[in-house]
Structures are given as C-alpha cells and as structure tokens.
4 protein chains.
Amino acid sequence: MADLRITVWNEGRHEQKDERVRRVYPDGIGGALAAALREVPAAVLRAARLDDPEQGLSEAALAETDVLVWWSHVAHAEVSDESARRVQNRVLDGMGLIVLHSACESKPFRFLMGTTGRLKWRDAGEREILWIVKPKHPIVQGLDGHFVIEREEMYGEYWDVPEPDELIFISSFAGGEVFRSGCCWTRGAGKIFYFRPGHESYPTYFHPQVRRVLCNAARWAAPVPGAPPAFGNRKTGWL
Amino acid sequence: MADLRITVWNEGRHEQKDERVRRVYPDGIGGALAAALREVPAAVLRAARLDDPEQGLSEAALAETDVLVWWSHVAHAEVSDESARRVQNRVLDGMGLIVLHSACESKPFRFLMGTTGRLKWRDAGEREILWIVKPKHPIVQGLDGHFVIEREEMYGEYWDVPEPDELIFISSFAGGEVFRSGCCWTRGAGKIFYFRPGHESYPTYFHPQVRRVLCNAARWAAPVPGAPPAFGNRKTGWL
Amino acid sequence: MADLRITVWNEGRHEQKDERVRRVYPDGIGGALAAALREVPAAVLRAARLDDPEQGLSEAALAETDVLVWWSHVAHAEVSDESARRVQNRVLDGMGLIVLHSACESKPFRFLMGTTGRLKWRDAGEREILWIVKPKHPIVQGLDGHFVIEREEMYGEYWDVPEPDELIFISSFAGGEVFRSGCCWTRGAGKIFYFRPGHESYPTYFHPQVRRVLCNAARWAAPVPGAPPAFGNRKTGWL
Amino acid sequence: MADLRITVWNEGRHEQKDERVRRVYPDGIGGALAAALREVPAAVLRAARLDDPEQGLSEAALAETDVLVWWSHVAHAEVSDESARRVQNRVLDGMGLIVLHSACESKPFRFLMGTTGRLKWRDAGEREILWIVKPKHPIVQGLDGHFVIEREEMYGEYWDVPEPDELIFISSFAGGEVFRSGCCWTRGAGKIFYFRPGHESYPTYFHPQVRRVLCNAARWAAPVPGAPPAFGNRKTGWL
C-alpha cells in the first residue's frame, strides 16, 4: 500500500491563549487530530500551523501532501489570499481536503465553494447526535446508524454552501436544530469532505467514532492516480 | 390562470374505525387536506377514496387530475398493483404527485422510487421542528426558516429512498432523531413531492404552515405544458 | 482479496435465431461478457440465461451473486414480474447491477428506476465516441479522456431515466445525437451502473476499452460489507 | 408583473478591434443580446461594459440589477478581483447570473464555482446540435427536443466545473466532441445558468432558439422574493 501523506493544518491560536483549551487538548487540536489519523493504514503525518513560514502552506509543502486536514476558527482573516489560493489550486489538482468545524468559513473552503459558509450557532455544550443518511458510503464504514457526542457547540441550518454531491450525516442538537454535518464535494480532481464536530472547548477529537470518521475520510479523499484531464485547442475532429 | 385540478386521494380507513381520529378530523383526513388546498389559486378540488369504484383511480379520473395528493397508511396492501401502476404511468406522463406521511411506503410511491421507503418511527406525540435547507424554493415561499409542530409521530433516518433531486426540509424530533421531511423528485414528465407530517391522531393538517407547504407544493407540482419528449426510431442523422 | 461472485445474465435469444449474431459472438453475448470479466481480480463467474430454470434468477442464485451483469433485448416481456422483483429486492439488499445497452428497457431496471427507460435509436452501424465527464471515477480508471467504437447502434436523448447520481460518460454519434452512456445510481444498499454500448450485431464486447469499463464497473458495484440499516419502531428517544 | 431589471454586461473588445466581428454584430454582441432579451415580459434593459466607470459593475449598478447577463473572452484578466467579488456577492444575495460561452473562464464565474472552467476548443465553424436532457424545465419552454446551430466554435469535455444542479442541454459537434451546454447552479440565494453558444465570429445571438433560451433563462434566474436566511448566534434552543 502506497504511503498516504496527510498534513494536519491547525490554526493553533486557542491553544496559545486559552488555558481551558490547553486542558482539553494538551497536545493542541492538531496533536489530537494527528493522533487520530495515525490509525490510517500507511499514513505519513506532518503538522503545519498558521505561524509556520509561508503559513505552513508553501507550494513545496502542498506538493508533498495527499490529504490536507484543516482546522481554523479565530484567525480565518489572517490566512492570506495567496495561501488560500494555493490550497484551492492544489485541491483542483487532486489533493484531498478535510474541512473541520468552523473551517466552513475559512478562506480555502470559501474559495472552493464560492459561498459564505455562514450558519446559526450556539455554544452551550449540548448533545449532538449524528445520523447516517448514506449507509455503505466509505466514510461511514464501521459505524452503526448514528452516534452521540455528549457536549458540543450547536451549528444550525440554513448553512450557506452549494448542494453537496453526497450528504453523509445529519445532526440533531438537544436545542432542536439540525445540520448537514458530513458533506462531500468534488472540485477539479480533488475530493472535499466537511465534518462538523470539533469545537475547541470539548474533547470531541478523542471521541472514538469521530476519529473513525476522520480516518475513513482521509482514505476516501486520497488522490486518484492517472493523468489529469486534457484541456486546450484540438486542431481536428473525427469528420 | 388556468384551473389546477387537484384530486385528494385518502385511504379513508382510520376515520371509519377510530373514534379518536374522527374527533381530530371530523371531515376525515381528506376533508382537512381539501380545506387546506382550497387556498391554491384556481384550484378545482375532487375527493377520491380507496372504497370508491376502481379504488378512485380510474384512467378517466387520473386523466382529469393535474396534481394527485395521496394519504394512506393501514391499507397500503389493498391498493392493487393495477391502480398503483396507473398512478405511476400518469405521473410519468406529467401529473404532479404529493405523497404524505406514511404514504412513503405506499405502492405508487414505491413503484416510482424503486425502493422500500422504510424508516424508523415512534408514536409518542413529540415535538417536530421542520428546518428549511433550500431557502427561496417555491415550496417554502412565505415561510421563515423553520416551523414547529407540537405533537407528531417521529420518523427517523435512515430512510430508504433514492437521493432526492432537491432536499427542502430536515426535521428534528424531541427524541433526537432527524428526517429528510421534504423531498422533490422528477420522474418522466411528472414532479413528486414527499412531505412527512400528518399522523392521523394529531391535528397536523390544520397547522397553518403545513397548509402553506401543501398549497405551495400543489402549485409547484402542476404539469408543465408542451409536447412530450419523442422516442423511437430515427431513420437518418445529420451526416 | 475476497471473491467477487459475478453472474452474467444474458437473454440468449439473438444467438439462437440470428446467424449474423452467432458470427459476431461465437460464444454468445454472455460468453464475450464473461471473457471480459475474467480480468476482474478475484472474480468468480457464473452464466445464467432466460431459458434456465426460474429464468436463471432463483432466490438461491441471486443470494450467491455479488454483481449481476444483465443483457436483454427482444425478450424483455418474457422476464416475469416475479423474476424482476427478485432482482430488484436483491439489489436493494446490496447486490451490484450492471445494466447493458437495450436492458435500459428491461423490467429489473424499470422496477428500480420507476421510469420507462425509453429513448431514440437508429441501427446504422455508425461511429460512437464516449467522452469521460467524471475523470478520476473508479469506473474510468485506466482510460484516457475518451474512446471510439467504430460501428454501433445509435441511442439518442431524451432518455427517460431519473437524474443519475453520477454521470460518467456522454456519447456522440456520427449522425449527431448524444446520449448519457454511463450512469450510476444507488438504490437501497445496491449500486447500479448503466453502460450503453453493446448492440448484438457489432463486436463491441471485444473492444478493449469497453471491456475495461465492464471490469471497473464490476469492482465498483461490489457489495459493501457491514450491517444493513435498521428500520421499525423505536420505543424511546434521547430525552 | 413586476419589472425584471436585466443588465447585459459585454466585455466589448472584439467589436472595437475586429472588423469581422463588427460585420456579424453591428450593434456589438451586447446589442444583439439586448435585442434578444427585449422579448422577456416586463424586462427593463441596461447595458454595461468593461470600459465603463468601475468596469460597469459598481455596487449601485449591481444593486439595481435582477439578472446579470455576462459575455467576456479576451479581457478576462482585466476584470478586477474587486469587480468579480462584487458580482459574486450580489449573486449570493439573490441576483440571477447568465454566463455565456467563453465567460466560463471569467472571474465572476470562477469565483462562484471554485474551479477553473477549462475545456477543449476548436474554432472551425462547425455544426453544433443542442439536445434537451431536462424536458419540461422552464429554460426549455417552447423548444422541441433539440436545435441546430450551423456554424459555431467547438467546446469539448472534460469541462472543469462542479457537478451542475441541473443539466439542461448536451451539445454534439460535427467533429465528434460533446459538451454540457446548459447547466444550472444555485449559490446562496442566486441562480446561475451557463449557456455555451456565442462565439464572436458567428451570428449565434440572432438564432431564434438561442434567443428563446436566453429569454427563458432570464425569467428563470429572477430573484425570489422573501427575507434572506438568518445566520449567527441563537441564544436558546427548544429544550
């Protein structure tokens, strides 16, 4: 089995400023994601952060990434248009992208979707249930119908994204709202999966089924071998 | 504005046997649906029931129907294959079809979808909230984000239907389940809308927003004028 | 790698009656399909025909089939409703189905789609070009942009099927028509692929890229392991 | 019937530099488009060009536009990111957008789609046939199955766009290529229609069926009345 080179990109700001987040994620959110993704067969993991050179998103780093896992929240605006454009282009070129939680309003995701990614939200530590609406999809392998996260931030519809190519999960929250919590899109040669759970103040990324989804999604998003599509001038036809 | 000929087909069995249903729906479920649909501009309403001649689904009756509204539950098996096939063929020919609540397991809907329509359920009179996930769609005109039904039967995912062409509503229930409560499909020249609410023991079809959806959906499902597509042997091409 | 049990079901009538078809397909259309599918890794092949006991479609035979490949044309009407219903139910249960050429009007496909499958056609032995519109899809692995079949029957739009979940190929014909020649649907737990080429009077199933598509599609349509979705009464919720 | 304010935005460069284009379009491409769109009931037309102040795309001009029709080709790069972003935001806010021919590589369309819009092409004045694959859709009202343009530029698949929400037309070209020539997307509250024909050196925008499609599409893309979706913090839920 060929290596799957996964880069976990984490904004990394809550962990610096907020003692409570450090208590939940002693190795940072990125550390918890990397620990989860180590279960992916043949995974080769690399960490990247906003404060790295070139925001951790140099051409070279992206060229060596098969699947990029992205968590961001308070620093969306600090990601430069150039960085976001490089991520976008690399996805169109075939890199997989796993977009987590509040990163639905991040620049790379907005550039790829064309929409705002806005939604309703409430941070009250309430129960979330994720229901599978696409059984047999590779991303839900090993899961059984639904799973429960005891305390999470609520995200509610309407969520401003393009109609997903495949809708995998719908969440309900104790407060009554619903959300399309797992969605797949293809853009160019790249596969994109958005997965809702993961507020910084809850231990969501230690949840066994959440981790299972992350691993399944990384495998699913792996680039497909083969030549890229051809474009441009065709001198002659078949007549 | 041309007439819109709406036939409300109601199985009509609960009303005969169950005093509680009669108390909720003194004019029957079909009567409440017809009262709601009278608000559709230019609507011409007709009632039909399982116990009518030819099960209320003769070729002639269907030929004079632009939109068929269908409620059924305990008597799915009594609807003959021939009746269901006539409904299916008339939909393929352009008739709109509004499928309500437990009719997701009725024969006409199963024949059109190709799937079983099975789901999870619980009759505990619990709160349902319907969230709009396709704002600006004709079926949600005049509604605002979501609406609440205080007491309803629960339907839960996974629901065995083809991926909808358009997903309009997602419901959450007090018990935590979710459901794709408003879904659109096109089959042949006909438009189909499934709308979840409407258990026989709750006064759901008197709910103002439910009635608004019914009226919007009937308008949306109206047959589109124009010649049917051509099929068959083409003797020559353009070469 | 687990065995993939592929049953090639061929109506088998042209080969009995028509000397020209026998010349093109000395081992029958089913024989050519089986020869192609022998290239699928871990494939275990079985042949079935309309004239076999229970039309080659007994419960037992279907239960032991992972992927059913179906070719039919002149004898659509002879396939009993019961046989077609068994195929439909087994697909909903997880069996893959590859539907070939004129089988778009066969009963199993019509029962699963809910539509007529009708189209335009012309048998003039004209050039077909199949263009890939979903690069990187598993069904087009190893293909490069498009391929040409020198002589085929023409099928033209409008084709009466539900919107495909994924559109893989679009054909153009020398006469100027187009067709959605490769389409994917999921119904229940089963995956369905329709592939257009394969008129009985042309050696299409010896074409290397056609054979590649057949093999890719059989792999793609393989049943996904895991428990089936749960349905029925839920006594309690999460409140 | 309320006014439908249509702005025809034409890059306007070929007409300045190329005598042949002036001969085909004496009033410019924008002039021909406006003449076609005058047939839309209640249309109020306005012209805009790249060389206008603020590139013809000021906040004020867009705010007064219900449907923007966009033709561009040689000057894609001159449209500023700011102008393109204003168009994108106004579409998300509800404005309809009709994207014509080579404008599939323009900035506003690329910003809304997230993809490159690249394709194959050949300018050989060859026959294009547009086949309807979504009969009964509002955009094909009054058309009958297909129509022919005698001389056009060829565009061929693969075309790098997101899966369309609705596929309306597929073209075949005399040279054998195919193209998804009419596609619908929704982004935010706005409807987008891409329509392929319209190379500057052919009189395509005088073709009666092309004009019919333009008029139908402008009506289809009209903003839907009603409040925009709500976003942001919800203090309480329903518990």
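Look above for the structure.
Note that the coordinates shown come from a computational prediction; the quantities given were computed from them, not determined experimentally.

Asker: Just checking my understanding: could you explain the relation of the copies chain B and chain A for this structure?
Answerer: Two chain copies here: they are related by a rotation about an axis and a translation along the same axis. Of the transformation placing chain B onto chain A, the axial shift is 0.0 Å and the rotation is 180 degrees, giving an RMSD of 0.0 Å. What the rotation and shift describe, once combined, is the action of a two-fold rotation axis. Closest to the rotation axis within chain B is the C-alpha of Ser172 of chain B, separated from it by 3.1 Å. A shared interface surface links the copies, since 100% of the contact residues of chain B are contact residues in chain A too.

Asker: Can you walk me through the interface of chain B and chain A in this structure?
Answerer: How big an interface is tends to be expressed through the accessible area that disappears when the partners come together. Between chain B and chain A, the contact holds 13 residues from the first and 13 residues from the second. Broken down by secondary-structure element, the contributors of at least two residues to the side of chain B that touches chain A are strand 5 (120–132), strand 7 (166–173) and strand 8 (178–187) of chain B. At three residues, strand 5 of chain B tops the list of elements feeding residues into the side of chain B that touches chain A. In terms of residue class, the side of chain B that touches chain A is built from eight nonpolar, two polar and three charged.

Asker: What am I meant to see in the interface of chain C and chain B here?
Answerer: Taken together, the 37 residues of chain C in the interface contact 37 residues of chain B. Among the secondary structure elements, those contributing two or more residues to the side of chain C that touches chain B are helix 5 (81–92), helix 6 (107–113), strand 5 (120–132), strand 8 (178–187) and strand 10 (232–233) of chain C. Here the residues of the side of chain C that touches chain B are counted per class, giving 15 nonpolar, 12 polar and 10 charged. Note: strand 10 (residues 232–233) of chain B against strand 5 of chain C, two bridges, orientation parallel. The residue of strand 5 of chain C that forms the bridge with Gly232 of chain B is Lys120 of chain C.

Asker: Hey, could you run me through the relation of the copies chain C and chain B in this one?
Answerer: Mapping chain C onto chain B leaves a residual RMSD of 0.0 Å; the transformation is a rotation of 180 degrees accompanied by 0.0 Å of translation along its axis. A shared interface surface links the copies, since 100% of the contact residues of chain C are contact residues in chain B too.

Asker: Teacher, can you tell me more about the packing of helix 3 (residues 28–37) of chain B against helix 7 (residues 208–220) of chain B here?
Answerer: All names here are of chain B. Running from N to C, helix 3 and helix 7 cross one another at 70 degrees; their axes reach a closest spacing of 9 Å. Between helix 3 and helix 7, the interaxial angle falls into the category roughly perpendicular. Here helix 3 and helix 7 pass one another in a crossing that is right-handed. Contacts from Leu33, Ala36 and Leu37 of helix 3 reach helix 7 at Arg211, Leu214, Cys215 and Ala218. Tallied by class, the residues present in the contact of helix 3 with helix 7 amount to six nonpolar, no polar and one charged.

Asker: Looking at this structure, how should I read the environment of Asn233 of chain D?
Answerer: Position of Asn233 of chain D among the secondary structure elements: in strand 10 (residues 232–233). Measuring from C-alpha to C-alpha, the distance between Asn233 of chain D and Lys17 of chain D comes to 54 Å, with 216 residues separating the pair along the chain. Residues within four places of Asn233 of chain D in sequence aside, it is in contact with Trp121 and Arg122 of chain A.

The rules behind the values
Positions within a chain are numbered from 1, following the residues in the order the chain's sequence is written. Lettering for chains starts from A, numbering for ligands starts from 1, and both go in the order in which the items are written. Whole-chain, interface and lining totals are the exception, using all residues; otherwise, since this is a predicted model, local features are given only for residues with pLDDT of at least 70 and side-chain atom pairs are given and counted only at 80 or more. Fitting of the copies onto one another was done by least squares over C-alpha atoms, counting residues only where both copies have pLDDT of at least 70. Two residues qualify as a contact pair if the distance between their C-beta atoms, derived from the backbone, is within 7 Å. Put simply, DSSP H or I for four residues or longer makes a helix, DSSP E for two residues or longer makes a strand, and each gets a number counted from the N terminus. Residues are sorted three ways: Asp, Glu, Lys and Arg are charged, Ala, Val, Leu, Ile, Met, Phe, Trp, Tyr, Cys and Pro are nonpolar, and all the rest, Gly among them, are polar. Strands are treated as partners if at least two bridges between them are detected by DSSP. Angles run from 0 to 180 degrees between N-to-C directions of axes, and those axes are lines fitted to C-alpha atoms, restricted for helices to the stretch in contact. What sets the label is the angle itself: under 35 degrees gives roughly parallel, over 145 gives roughly antiparallel, 65 to 115 gives roughly perpendicular, and the rest give oblique. In this scheme the handedness of a crossing depends on how the near helix is turned from the far one: anticlockwise by less than a right angle means left-handed, clockwise means right-handed.

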